[in-house]
Structure formats: structure tokens, C-alpha cells
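Notes for the structure review
Residue strings, one per chain:
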Amino acid sequence: MTLEEIFNFYSTVFLPNYSRVTAETLEKPVQVAVEIENAFSHIAVYYEFAKQGNQEKQSEHISKAKGHLERATLDCLKLTLIEVARQARIFEKPGVLEHATTGKLQETRALLENFKISWKETRRKEVCGLEEDPETRIQYYTETIKIADDLMFLLDYERLAKLKSFWFMYYAKSLILSFALGAMSGVLGNYIFEFLKQPK
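As a starting point, this report considers the structure included with it. (Residues numbered from 1 in each chain as written. Predicted model: local features only at pLDDT ≥ 70, side-chain atom pairs only at ≥ 80, totals over all residues. Heavy atoms only, no water.)

**Quick notes on the environment of Glu-5**
Our working definition: Secondary structure counts use DSSP, requiring at least four H or I residues in a row for a helix and at least two E residues in a row for a strand, with both numbered from the N terminus.
Mapped onto the fold, Glu-5 is located in helix α1 (residues 3-25). With 61 residues separating them along the chain, Glu-5 and Lys-66 place their C-alpha atoms 9.3 Å apart.

Laid out in C-alpha cells, this is it:
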């Protein structure tokens, strides 16, 4: 990889993912900052060896800078995937698939299942170390996040707000009813107890 390719990767691959993860989490991941700092340190050393005309050392430090950039990008993608997976859990709540989406039910359900499968497979590969090539790992993280984005695009937030209002009223009524039944049971139980205590 050349220095030009390094900066192209930084601007077209890393930066969009870094911007997204900071927007999603409202935080700047510490490990990502460390990786970027290390990457630019190697680039600085690259320029020092360029002055000396040492191409072997230049290539070595460019390769190390690339590795840090790829790890930084993967860290961003991992954190983004965790966040979008959390958001996608809304589809598992009662009535959301049926009443709070803009797509056809069968297609939306299939997309949800596709995301679950892709997410589990991505995590399995990462945990088990089944894919060592960083570029491939970046690709399958990106593809899984894309499926989640397509899924979230189908969510109708206006309908969801109405559904949440229904849930609130339902649970509130259930709580009131449970309280009323509990109070009535207590009164009735006390009445029966007092009745049984009376001498015959």
C-alpha cells in the first residue's frame, strides 16, 4: 500500500465509520484514538526514512500504519454493530412488525431474520478468529450493518409512537386492574375471615 492509498483509506473508509460511531454512541472511542495516533506516528517515521532513501523501512512503516488504520476501522464497525443490534430489538416487541413498519410484513420479517443470522455469523467469525484478513472482516461488518440500516429504514416512527402509547395505556390499565382486584380480594378475604370467627 502506498502513502496515497493510506490517506485514501483514511478519508473514504475510516472517517465515515468513525463519524457514524461517534454519532451513534455520542462518544469518541478511546481505543480508536490510540490506533489513529499510532498510525500517524508510523507515517511520521515513514517520512524520516524517505529522507534517507530507505525504501525497506518506508514500506515497513506504511504497512504498520495500514494495520492500525484497519484496526481502528474495525473497532468503529464493532461498536456501530452493537448499537444497531440494540436498536433492531424494537422489532421483537409485540405488534411492531405488524403495525409500525412501512414494508410488507413477510419481507420485513425476512429482513429481520437475515440480520439476526448475519449478526451471529459475524460475531462467531470474530470470536473464533475464522477470518484473519482485516479487509474481509471490514467487509462483512459493513454488510451486516447495511442489513440493519435497511431494516431500520422500514420503521414507521409515527406508528411506533402510537403503538407505544397503546402499550402504556394497556400496562397502566393492567396495573390498575391488578391493584383493584388485589384490594377487593383483601377486603373479601377479611370479610370471610371475620365471618368464620363468629360463634355458631
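**Re the packing of aromatic side chains**
Inclusion rule: Pairing of aromatic rings covers Phe, Tyr and the six-membered ring of Trp, with a centre-to-centre limit of 6.5 Å; geometry is then stacked below 30 degrees between planes, edge-to-face above 60, and tilted otherwise. The rule is simple: take the accessible area with a 1.4 Å probe, protein chains only, and divide by the maximum for that residue type; under 20% is buried, over 50% is exposed, in between is partly exposed. Throughout this description, the term charge over a ring refers to an Arg CZ or Lys NZ atom that lies within 6 Å of the ring centre and within 35 degrees of the ring normal.
Here the structure, examined in full by the defined rule, presents 6 aromatic pairs. Relative to Tyr-47, the ring of Tyr-46 lies with its centre 5.5 Å away and its plane at 80°, an arrangement referred to as edge-to-face. For Tyr-47, a relative accessible area of 42% puts it in the partly exposed group. The rings of Phe-7, Tyr-10, Phe-14, Tyr-18 and Phe-40 are connected pair by pair, giving a single aromatic cluster. Just above the ring of Tyr-140 sits the side chain of Lys-125; from NZ or CZ to the centre is 5.1 Å.

Geometric values such as these leave the question of function open.
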